[in-house]
Amino acid sequence: MTTTSRLHVRHDTHYAHPVPVELAQHVAFLRPRETEHQRLERWHLAIDPLPDGWGGRQDGAQQAHQHLTEDAWGNARLVFGHSRVHRELSVCSEFVVQVVPHASIDPAVGQAWEQVAGLLQYRAGRVQAAEAEFSLASPYAAPDAQLAAFAREAFAPGLTLAAGALALNALVHRRMRYETQSTAVHTTAAEALSGGRGVCQDFAQIAIAACRSLGLAARYVSGYLLTEPPPGQPRLQGADASHAWFEVWCPVQGWLALDPTNDLAVNQQHALLAWGRDQADVAPLRGVIRGGGASEPEVAVTVTQA
């Protein structure tokens, strides 16, 4: 049996604006969730310059706790702003988590995918399952005919949902080419599938939209991937950056977590941050600014065994 792992994650984001920023408001999902598979040992956060209302030398994570709220899906959300003029912004999040082994996904166990889709339908204005919300369209993972046809290549009639999900994970990995800067943050699942290339968020959103095209519930997960894999194992795509994968709901086995970027089930190399309908819900850091000019942040991520 695989033992519990400890992962140390450091995520640095630095903005250097060509002209001054007059006003800024940011939303961050940087504090990891605690789940049955993950326990948070410690979290440190540093923001420079200090946000409005923050002061002193107190650790940023301690101050952040005073401003954290929960979003609709139970993720820890931090909202902070700057009313002082500035040209640079640095945000450093660092934490250690213990990751407990996931149960293996058994393709032979559970209902046929068509039965699960039936459970998730709205009938007489009543939701048949709490997970039904994740079967509905979202801005970047909306179902359509192209995605439904793609999904049916994996979900043959009568196949168990678990077997179909594993087949879809492999299909996305096989059909898509991992290529940095080939898509943008606002690229939809349909657009990425048509282009045949993308990054981890595109792979995840294609799988999610494909599931939803068949009436299944799937959600987007943001997190990180171990930078250096164990000895003898290949280096995985998506390391050295924030990562993303998807989960599809199986009534018997629970949420099945799959990483289509690397065609594997999520395991102890993955550190989870947050989940939502698609990347727009749980981007690690995003904001609205006045001024600043056109600039892209420099992002550096390191994930190591703690």
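Use the structure listed above.
My aim in this report is to walk through the structure given alongside it, one point at a time. (Residues numbered from 1 in each chain as written. Predicted model: local features only at pLDDT ≥ 70, side-chain atom pairs only at ≥ 80, totals over all residues. Heavy atoms only, no water.)

## Overview of the overall build of the protein
Then, number 1: Within the protein, the secondary structure is distributed over seven helices and 16 strands.
Then, number 2: The C-alpha atoms of the protein give a radius of gyration of 20 Å, which matches the 19 Å a tight globule of 306 residues would have.
Then, number 3: Dimensions of the protein, computed from the C-alpha atoms along their principal axes, are close to 60 × 40 × 40 Å.
Then, number 4: Contacts spanning at least 24 positions in sequence make up 76% of the contacts within the protein whose residues lie at least 6 apart. (Helix = DSSP H or I, 4+ residues; strand = E, 2+ residues; numbered from the N terminus. Rg over C-alpha atoms; globule rule 2.2 N^0.38 Å. Contact = heavy atoms within 4.5 Å.)

## Some details on the packing of helix H3 (residues 145-152) against helix H6 (residues 200-213)
Each packed pair of helices is defined by two parameters, the angle between the axes and the distance between the axes.
Then, number 1: It is at 8 Å that the axes of H3 and H6 come closest, and there the two elements cross at 90°. Judged on the interaxial angle alone, H6 and H3 are roughly perpendicular. Judged by residue contacts, Leu147, Ala148, Phe150 and Ala151 of H3 engage Ile206, Ala209, Ala210 and Ser213 from H6.
Then, number 2: When the residues that make up the contact of H3 with H6 are grouped by side-chain class, the tally is seven nonpolar, one polar and no charged. (Axes fitted to C-alpha atoms, helices over the stretch in contact; angles between N-to-C directions. Parallel < 35°, antiparallel > 145°, perpendicular 65-115°, else oblique. Nonpolar A, V, L, I, M, F, W, Y, C, P; charged D, E, K, R; others polar.)

## Notes on H3
Then, number 1: Those residues of H3 that sit buried are Leu147, Ala148, Phe150 and Ala151. Taken around the axis of H3, the buried residues stretch over an arc of 160°, which confines them to a single face. In H3, the exposed positions that point more than 90 degrees away from the buried face belong to Ala145 and Arg152.
Then, number 2: Among the structural elements, helix H4 (161-175), helix H5 (189-195) and H6 are those in contact with the buried residues of H3. (Buried < 20%, exposed > 50% of the residue type's maximum accessible area, 1.4 Å probe, protein only. Arc of directions from axis to C-beta.)

## Concerning the pattern of salt bridges
Then, number 1: Inspection of every chain in the model, using the stated rule, returns nine salt bridges.
Then, number 2: Glu153 is the partner of Arg175 in a salt bridge, and the nearest nitrogen-oxygen pair spans 2.5 Å. Placement of Arg175 in helix H4 and of Glu153 in the loop between H3 and H4 is noted, with a sequence separation of 22 residues between them.
Then, number 3: On the basis of relative accessibility, which here comes to 40%, the residue Arg175 falls in the partly exposed class.
Then, number 4: Each of Arg10, Asp12 and Glu94 takes part in one network of salt bridges that share partners. (Salt bridge = Lys/Arg side-chain N within 4 Å of Asp/Glu carboxyl O.)

Limitation: the analysis is restricted to geometry and does not speak to function.
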